[in-house]
Amino acid sequence: MKAAVLRKIGERLSIEEMPTPRPGPGDALLRVRACGIDGTDLKLLDGFGYVPELPFVMGHEIAGEVVECGADVTEFAPGDRVVVYNFVTCGSCLYCRRFRDQLCLDMRGIVGVLDLPGGYADYVCLPAQQLIRLPDGLSFEDGATCCDAGMTALRAVDRADVSIGDRVLVIGVGGVGSVVTQILAASGVEVIAVDTDVAKESWARTQGAASFLPLAADELVAEALRRSAGLGVDRVIDVVGLEDTMRAGFAALRRGGRMVIVGYTPEALPLAGKELAQNEKEVLGARAGRRDDLRRCLALFRAGKLRSIVRATYPLQQVNEALETLRGGVIGRIVLTFD
Ligand SMILES: [Zn+2]
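Residues numbered from 1 in each chain as written. Predicted model: local features only at pLDDT ≥ 70, side-chain atom pairs only at ≥ 80, totals over all residues. Heavy atoms only, no water.

A few words on the packing of helix H6 (residues 217–226) against helix H7 (residues 243–252). Two elements in contact, H6 and H7, have axes separated by 9 Å at closest approach and are oriented at 20 degrees. With respect to H7, the element H6 is oriented roughly parallel. Helix-helix and strand crossings are classified by hand; for H6 and H7 the assignment is right-handed. Contact with H6, carried on its side by Ala-217, Leu-220, Val-221 and Ala-224, involves Asp-244, Ala-248, Ala-251 and Ala-252 of H7 and no other residues of that element. Residue composition of the contact of H6 with H7, by class: 7 nonpolar, no polar and 1 charged. (Axes fitted to C-alpha atoms, helices over the stretch in contact; angles between N-to-C directions. Helix = DSSP H or I, 4+ residues; strand = E, 2+ residues; numbered from the N terminus. Parallel < 35°, antiparallel > 145°, perpendicular 65-115°, else oblique. Left-handed = near helix turned anticlockwise from the far one by under 90°. Contact = heavy atoms within 4.5 Å. Nonpolar A, V, L, I, M, F, W, Y, C, P; charged D, E, K, R; others polar.)

Between its first and last C-alpha atoms helix H3 (residues 140–160) spans 29 Å; for 21 residues at 1.5 Å apiece the expected length is 30 Å, and the two agree. At Cys-146, H3 shows its largest bend, some 55 degrees. Within H3, 18 of the 21 residues are buried, which leaves it mostly tucked inside the rest of the structure. (Expected span 1.5 Å × (residues − 1). Bend = angle between axes of the 7 residues up to and from the residue. Buried < 20%, exposed > 50% of the residue type's maximum accessible area, 1.4 Å probe, protein only.)

Of all hydrophobic cores here, the largest spans 90 residues; its most connected members are Tyr-120 and Ile-237. Top contributing element to this core by residue count: H3, with 11 residues. Residue assignment places this core across two domains, with domain 1 (2–139 + 308–337) and domain 2 (153–285) each supplying three or more. Here Ile-237 is in contact with Ala-156, Val-157, Ala-160, Val-168, Leu-169, Val-170, Ile-171, Val-180, Leu-184, Val-260 and Val-262, once residues within four sequence places are set aside. Counting 18 residues, the second-largest nonpolar core is a separate cluster that includes Leu-213, Val-236, Ala-252 and Ile-261. (Core = buried A, V, L, I, M, F, W, Y, C linked by side-chain atoms within 4.5 Å. Domains from an automatic or database assignment.)

Looking now at unusual backbone geometry. The residue after Leu-54, namely Pro-55, is reached through a cis peptide bond having omega -5 degrees. For Pro-55, the position within the fold is in the loop between helix H1 (39–46) and strand S4 (61–69). Despite not being glycine, Asp-161 shows a phi value in the positive range, around 50 degrees. Inspection of the secondary structure puts Asp-161 in the loop between H3 and strand S11 (167–171). If you check the backbone angles, Ala-229 has positive phi at about 55 degrees while not being a glycine. Its location among the elements puts Ala-229 in the loop between H6 and strand S14 (233–238). For Ala-229, a relative accessible area of 72% gives the class exposed.

Packed helices, taken two at a time, are described by the angle their axes make and the gap between the axes. Between H3 and helix H9 (residues 291–302), whose axes approach to 8 Å, the crossing angle comes to 110 degrees. By the angle between their axes, H3 is roughly perpendicular relative to H9. Classified by chirality, the crossing of H9 by H3 is right-handed. Contacts between H3 and H9 pair Asp-142, Gly-143, Thr-145, Cys-146, Cys-147, Gly-150, Met-151, Leu-154, Arg-155 and Asp-158 from the former with Asp-293, Leu-294, Arg-296, Cys-297, Leu-298, Leu-300 and Phe-301 from the latter. For the contact of H3 with H9, the class distribution of residues is 9 nonpolar, 3 polar and 5 charged.

When its domains are assigned, the chain resolves into domain 1 (2–139 + 308–337) and domain 2 (153–285). Computed over C-alpha atoms only, the centres of domain 1 and domain 2 are separated by 29 Å. Facing 12 residues of domain 1, the contacting portion of domain 2 comprises 13 residues. Taken together, the two surfaces of domain 1 and domain 2 that pack against each other cover about 1000 Å², and 60% of this comes from carbon and sulfur. Considering only the side of domain 1, the residues that lose the most area to domain 2 are Phe-48, Ile-309 and Ile-331, jointly responsible for 42% of the buried surface there. Linking domain 1 to domain 2 there are 0 salt bridges. (Buried area = accessible area lost by both parts, 1.4 Å probe. Salt bridge = Lys/Arg side-chain N within 4 Å of Asp/Glu carboxyl O.)

Structure representation (structure tokens):
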């Protein structure tokens, strides 16, 4: 099979011929049909965040077709259309027991991110327990985007705990920010979308944003206050996680407001204890999504409540061009597709 291999941090992926993996008793072999690419892949290339052992095959938004199952696999069979939940969890630790899979203390790996090879390849072999059926009528491309962008958006919105009529700043209108905006708009929330790239304004509006602000930290705070009668916004969902965005988001919050940080960078948010305490502001993190968030995301797509965010597809052979395009800034999601 062909695979795009990360051999050295900072270098282009090399397209190589590799042996097709063989499934063990509890595994399934998938023929990859679509694999999303996103900011986590750029972080892996840059050596920030997760650091897999090299050489490594990235790709963590996988949709495909089961072609072979190990002897112990009873739930799936060749021909099944599936997507992959990336966090290979222990199933028994404190967090697994409390329905917070993605915080598992004894993670066996994250498909396409850490320890387990991903979907930048014609085939991927993984524990069958990671598979979730792709509903009929939902494309491999859209199914793939649910595996990170979609489920992460659901989780971030859950953490934000919005109410109908809330005014929410969504900072960063990439894949996650687009789905966040769609969900919030459908929930009766006024979304003010924020991005450095002003070309994203019309896209943000098609996702349901009521308005759009270019990202310039000082102006952002002033404008958020102006639009909320000086009170500040009810919620902020920061999908970027730069010091500037977190600082502006925090300053734009009303008293008792909540900011959810879902994007991250090497930068930190210096917090004034007095500002936090005296205004009872809340700052929460959100990490990817739980298995159930992925299931719910697929169901929302299937029901037509969420719309496709895929705007471009590339073949595996052009994965480096796709990654460079992403780094330069794209609207919507880029997905690798396989014939
Ligand atoms: Zn666990």
